[in-house]
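Per-entry structural report
Below, each chain spelled out in residue letters.
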Amino acid sequence: MFALRQISARRSLASSSFARGPAKVPLFINGEFIQSKTDKWIEIRNPATQEVVGLVPEATQEELKNSCETSRCDDIARAITLEQGKTLPDARGDVFRGLQVLEHACSIPTLLMGESLPVSKDMDTYNIRQPLGVVGGIMPFNFPAMVSFLLKLRGYH
């Protein structure tokens, strides 16, 4: 059901942006799409043409508070319990670990810059992070939320 709503919202966004300028992307709070009451919007640009194709709201304090109060942690944990057989407290821990992965991902831009270390006055050592390309891995079943969050952050689908 959630996926169908996302597809519907994307189609609505695409069709409306051609008809009457950039569409305002709705917020998704408590399982429903709602229009923000903000007066501050962030432009979404097509990187090839720099055309504004949409506007994302800077949520108001009230909208942010409502979003936090109605977050879906227990729903995700219950789904993990049904699908994986974990206990509910263990599944909640899995969701929490996934959130920690997302939190760490916020620091990735600075981590990707590499590190340098002055060894002496005329010598430095440094490391550079470079992508490896396509890799494969066997993922454990015991942390489905954490692993899927991590893979999504790394660009895997």
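Heads up: these notes are all about the structure in this document. (Residues numbered from 1 in each chain as written. Predicted model: local features only at pLDDT ≥ 70, side-chain atom pairs only at ≥ 80, totals over all residues. Heavy atoms only, no water.)

1. Focus on the overall build of the protein chain
- Counting secondary structure elements, the protein chain contains 6 helices and 7 strands.
- Starting at the N terminus and ending at the C terminus, the protein chain contains elements arranged as α-β-β-β-β-β-α-α-α-α-β-β-α.
- Expressed as a percentage of the 157 residues in the protein chain, the buried residues total 15%.
- Look at the contacts in the protein chain between residues 6 or more apart in sequence, and 41% of them connect residues 24 or more apart. (Helix = DSSP H or I, 4+ residues; strand = E, 2+ residues; numbered from the N terminus. Buried < 20%, exposed > 50% of the residue type's maximum accessible area, 1.4 Å probe, protein only. Contact = heavy atoms within 4.5 Å.)

2. A word on the packing of helix α3 (residues 73-84) against helix α4 (residues 88-105)
- Orientation of α3 relative to α4, taken along the N-to-C sense of each, is 120°, at an axis distance of 8 Å. For the element pair α3 / α4, the angle class is oblique. For the crossing formed where α3 meets α4, the hand is right-handed. Here Cys73, Asp74, Ile76, Ala77, Arg78, Ile80 and Thr81 of α3 come into contact with α4, specifically with Leu88, Ala91, Arg92, Asp94 and Val95.
- The residue makeup of the contact of α3 with α4, split by class, is 7 nonpolar, 1 polar and 4 charged. (Axes fitted to C-alpha atoms, helices over the stretch in contact; angles between N-to-C directions. Parallel < 35°, antiparallel > 145°, perpendicular 65-115°, else oblique. Left-handed = near helix turned anticlockwise from the far one by under 90°. Nonpolar A, V, L, I, M, F, W, Y, C, P; charged D, E, K, R; others polar.)

3. Quick look at unusual backbone geometry
- A positive phi angle, near 55°, is found at Asn30, a position not held by glycine.
- Along the chain, the position of Asn30 falls in the loop between β2 (27-29) and β3 (32-34).
- Given a relative accessible area of 42%, Asn30 falls into the partly exposed group.
- With a phi angle near 65°, Gln50 is a residue other than glycine that sits in the positive phi range.
- Residue position: Gln50 is located in the loop between β4 (41-45) and β5 (52-57).

4. As for the packing of aromatic side chains
- Summed over the entire model, instances satisfying the criterion amount to 1 aromatic pair.
- On the basis of an interplanar angle of 55° and a centroid distance of 4.8 Å, the ring pair of Phe28 and Phe33 is categorised as tilted. (Phe/Tyr/Trp six-rings, centres within 6.5 Å; stacked < 30°, edge-to-face > 60°.)

5. Points about the sheet that holds β4
- Spatial strand order, β1-β5-β4: 3 strands in an open sheet with mixed pairing. Each edge of the open sheet is held by one strand with a lone partner, namely β1 (23-24) and β4.
- Taken together, the 5 bridges between β4 and β5 define a ladder with antiparallel strand orientation. If you follow Glu43 over to β5, its bridge partner there is Leu55. (Pairing = 2+ DSSP bridges.)

6. Let's talk about the environment of Ala77
- With respect to the element layout, Ala77 can be found in helix α3.
- The class for Ala77 is buried, based on a relative accessible area of 0%.
- When the C-alpha atoms of Ala77 and Asp90 are compared, they prove to be 8.4 Å apart, with 13 residues separating the residues in sequence.
- Setting aside residues up to four positions removed in sequence, Ala77 forms contacts with Leu88, Ala91, Arg92 and Val95.

7. Concerning the pattern of salt bridges
- Counting across every chain of the model gives 5 salt bridges.
- Note that Arg92 is salt-bridged to Asp74, the shortest N-O span being 2.9 Å. With a gap of 18 residues between them, Arg92 in helix α4 and Asp74 in helix α3 connect regions that are remote in the sequence.
- Among the residues examined, Asp74 registers a relative accessible area of 31% and is labelled partly exposed.
- Between Lys86 and Asp90 there is a salt bridge, with the nearest N and O atoms lying 3.8 Å from each other.
- Taking relative accessible area as the criterion, Lys86 reaches 11% and is therefore assigned buried.
- A cluster of three or more residues bridged by salt bridges with shared partners is formed by Arg72, Asp75 and Arg78. (Salt bridge = Lys/Arg side-chain N within 4 Å of Asp/Glu carboxyl O.)

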